[in-house]
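Observations on chain architecture
Residues per chain, in single letters:
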Amino acid sequence: MDELFLNGMALLAKYGGDILNNWKTIKSELSSQHEQDLITEFDGMMTYSFEELLKKNDCEHINQLILAMISQWRDHYSMDVDYSQVIFLLSAIENMIHHILEQEENPRIIDHQSIQYIFNKLLDHVLIPLTSETNGHQWLDTMITSNIIPLHWAALLRIEDFEYKLIELKSVDTGQDNQSLIEICKTMSAPTSEQLSLALCRLMNPGTKQPRVIPVSFAKETLLLCVKSTDAGSISSQRIELISNMYKKQLKMNTLESENEWKDAALLYTLRLLIAQTCTETLKTVTDGFVDYLKFERSALFLYSPRVERVVFAAHRNLGHNIQEIQVDFTEVAFLKNHLQKILQSKPIYLEDASKQIPKGLAEQFKVASLIAVPVFTPRKGRFLGLVLLDCNGAHFEEPTPNEQAMLMKFGQYAGEALYKQWGTVIQLLDMDSPILTPREKEVLKLMAQGETIQRAASLLHLSHYTVRDYVAGIIKKLKVKNRTEAVVKAIRMNFIE
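Parameters and conventions
Residues numbered from 1 in each chain as written. Predicted model: local features only at pLDDT ≥ 70, side-chain atom pairs only at ≥ 80, totals over all residues. Heavy atoms only, no water. Helix = DSSP H or I, 4+ residues; strand = E, 2+ residues; numbered from the N terminus. Buried < 20%, exposed > 50% of the residue type's maximum accessible area, 1.4 Å probe, protein only. Contact = heavy atoms within 4.5 Å. Areas by Shrake-Rupley, 256 points an atom, 1.4 Å probe, with all protein chains shown as cover. Salt bridge = Lys/Arg side-chain N within 4 Å of Asp/Glu carboxyl O. Axes fitted to C-alpha atoms, helices over the stretch in contact; angles between N-to-C directions. Parallel < 35°, antiparallel > 145°, perpendicular 65-115°, else oblique. Nonpolar A, V, L, I, M, F, W, Y, C, P; charged D, E, K, R; others polar. Core = buried A, V, L, I, M, F, W, Y, C linked by side-chain atoms within 4.5 Å. Patch = residues over 30% accessible without salt bridge, like charges linked within 9 Å, V, L, I, M, F, W, Y side chains within 5 Å. Phe/Tyr/Trp six-rings, centres within 6.5 Å; stacked < 30°, edge-to-face > 60°. Lys NZ or Arg CZ within 6 Å of the ring centre and 35° of its normal. Arc of directions from axis to C-beta. Left-handed = near helix turned anticlockwise from the far one by under 90°.

Some words on the overall build of the chain
Of the regular secondary structure elements, the chain holds 19 helices and eleven strands. Counting the 498 residues in the chain, one finds 53% classified as buried. Considering only contacts in the chain between residues 6 or more positions apart, those separated by 24 or more positions represent 64%. Split by element, the accessible area of the chain, about 24,500 Å² in all, is 51% carbon and sulfur.

Okay, here's the thing in structure tokens:
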């Protein structure tokens, strides 16, 4: 994996100029959809990464690169960010780099995988703080209820905007007056954890001498454990260290489990797509995977035909209705128009009440409530192929967490790569009148696209020029065009040839 990382770093250095130029283009497009401050911060990170880190060329391992970037971020930029936006921006940058690699004459799969490896690791480090923060809340409950240490109260602090802020406060005393005091305390912050600890003691322990407060820190969080005065002197340093190590170990374990969980799901989904033998199996696997490996109960795959601007049903899981004939004009679907730019950039769209944004007949027929639309997108080709619509069998559900959004984006990309390999066959589902070309006709078309004459094509294919001429005539008739040039243009547009 280290060699994969070094190859990825070499590619980033080689195409650094192209990446920065392309970033300038997509930056202006993204600015209309995201907070300007976040775009500015990413702009600074992109510049720093390619002008400083890559010039030094001293990162021999992925962790060195990540630590250097995190250090730069904390030194120059805000620590209070919208993780959902960060995940999407990372994905947009990765897709941009894949597209640059694909412009090469013979792009290598290993090069694409090298870039994917680097960005997956970066994504992990965006998601890790979210996992540890969630587990910090759970540990707070554990410390209060388990009585491992007799506590008066316990607090969870987190560093945000270079200040310690009180995130949660729990007390053994559950009386109404105490709960009101807790709500007041939740607005508190201070430059240091010691100052915040002192302020909490004055409010939560009025009229008593300074109680013993044990701080336990990990990443951006600090637990404050206020010991009951009668037990404060009996708690040894060894016991405090044991509790601290238990807390840190639990957070690390939970973080690792969360990281592995989405990677395991992605791996299983990818393997299942690889095993699919036919186009029909691939289409079915795309929809099945979202239900089998994620929390959704129903899924439907719609593929997009840019030629006629409509989405066409392709496969489903658990819909229980005959929807094979559904074809929807792209311009008739409200959320497609409202979120088109985000969809074309592979960002999942959450609709809390989808009944108002999809055709009324579909909403009523399938009793749709909340819905998620996941773009099916091929990063290598930079092409939007369709959408997977997901719901929980007509029930309302909350917006996906950043971790879940990252997984949905990856699933959409893996599905896109699998479908694109069979797109010549898949396209038949978008337009039933489109012709089916034989392998030999495609060979002839490809040579025509390369500018070869009929005589030259005949020589290369070891056929008579009369036979090739008949193939060309048949192709023109099937594609319903006037000449060879139009046939080549239409075949490329429909992905019969590249």
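Thoughts on the pattern of salt bridges
Inspection of every chain in the model, using the stated rule, returns 16 salt bridges. Here E94 and K410 are joined by a salt bridge, their closest N and O atoms 3.1 Å apart. A residue pair is termed long-range when its members are at least 10 positions apart, and E94 in helix α5 (residues 83-102) and K410 in helix α14 (residues 402-420) qualify at 316 residues. The partner of E102 in a salt bridge is K381, with the nearest N and O atoms 3.1 Å apart. Of this pair, E102 sits in helix α5 while K381 is found in the loop between β10 (371-378) and β11 (383-391), placing the two residues 279 residues apart along the sequence. Overall, K381 belongs to the partly exposed group, its relative accessible area being 21%. Connected via shared salt-bridge partners are R272, K284, D288, D292 and R317.

Some thoughts on the packing of helix α16 (residues 439-449) against helix α19 (residues 484-493)
Orientation of α16 relative to α19, taken along the N-to-C sense of each, is 105°, at an axis distance of 10 Å. As far as their axial angle goes, α19 and α16 are roughly perpendicular. Residues L445, M448 and A449 of α16 pack against R484, A487, V488 and A491 of α19. Taken together, the residues of the contact of α16 with α19 sort by class into six nonpolar, no polar and one charged.

Let's talk about the nonpolar core
Counting 89 residues, the largest nonpolar core has I19, M96, V286, F290, L301, L419 and L445 as its most contacted members. By residue number, the principal contributor to this core is α5, which donates eleven residues. In this view, L301 contacts L283, V286, T287, V312, F313, A314, A315, V376, L387, V388 and L419; residues no more than four positions away in its chain are not counted. In terms of nonpolar packing, the next biggest core, distinct from the first, is built from 24 residues, F302, F366, F384 and L387 among them.

Quick notes on a nonpolar patch on the surface
Taken together, the side chains of L267, L271 and L274 define a hydrophobic patch exposed on the protein surface, amounting to about 300 Å² of accessible area. Relative to the elements of secondary structure, L274 occurs in helix α9 (residues 237-275). Taking relative accessible area as the criterion, L274 reaches 57% and is therefore assigned exposed.

Digging into the packing of aromatic side chains
By the definition in use, this model includes six aromatic pairs. Relative to F397, the ring of F296 has its centre 6.0 Å away and its plane inclined at 70°; by these criteria the two rings are edge-to-face. Taken as a pair, F296 in the loop between α10 (279-292) and β6 (298-305) and F397 in the loop between β11 and α14 lie far apart in primary sequence, 101 residues in all. Judged by relative accessible area, which is 5%, F296 ranks as buried. A connected cluster of aromatic rings, assembled from ring pairs, spans Y269, F290 and F411. Of note, K347 hangs over the ring of F88, and the distance from its end group to the ring centre comes to 5.0 Å.

Comments concerning the side chain of K410
Exposure remark for K410: the relative accessible area of 5% places this residue in the buried category. Each residue touching K410, except ones within four places of it in the same chain, is listed here: E94, N120, L123 and W262.

A short note on helix α17 (residues 454-461)
Of the positions making up α17, those classed as buried are I454, A457, A458 and L461. With its buried residues spanning 100° around the axis, α17 presents them on a single face. Buried-residue contacts for α17 involve α16, α18 (465-479) and α19. One or two positions beyond α17, positive phi appears at H462, with a value near 60°.

Observations concerning the packing of α18 against α19
Where α18 meets α19, the axes come as close as 10 Å, and the angle between the chain directions of the two elements is 60°. When the axis of α18 is compared with that of α19, the two are oblique. Where α18 crosses over α19, the handedness of that crossing is left-handed. Contacts from V472, I475, I476 and L479 of α18 reach α19 at R484, A487, K490 and A491. Classifying every residue of the contact of α18 with α19 gives six nonpolar, no polar and two charged.

Side note on the environment of I87
With respect to the secondary-structure elements, I87 resides in helix α5. With relative accessibility at 3%, the residue I87 sits in the buried group. Note: C-alpha distance between I87 and L122 (35 residues apart in sequence) is 9.5 Å.

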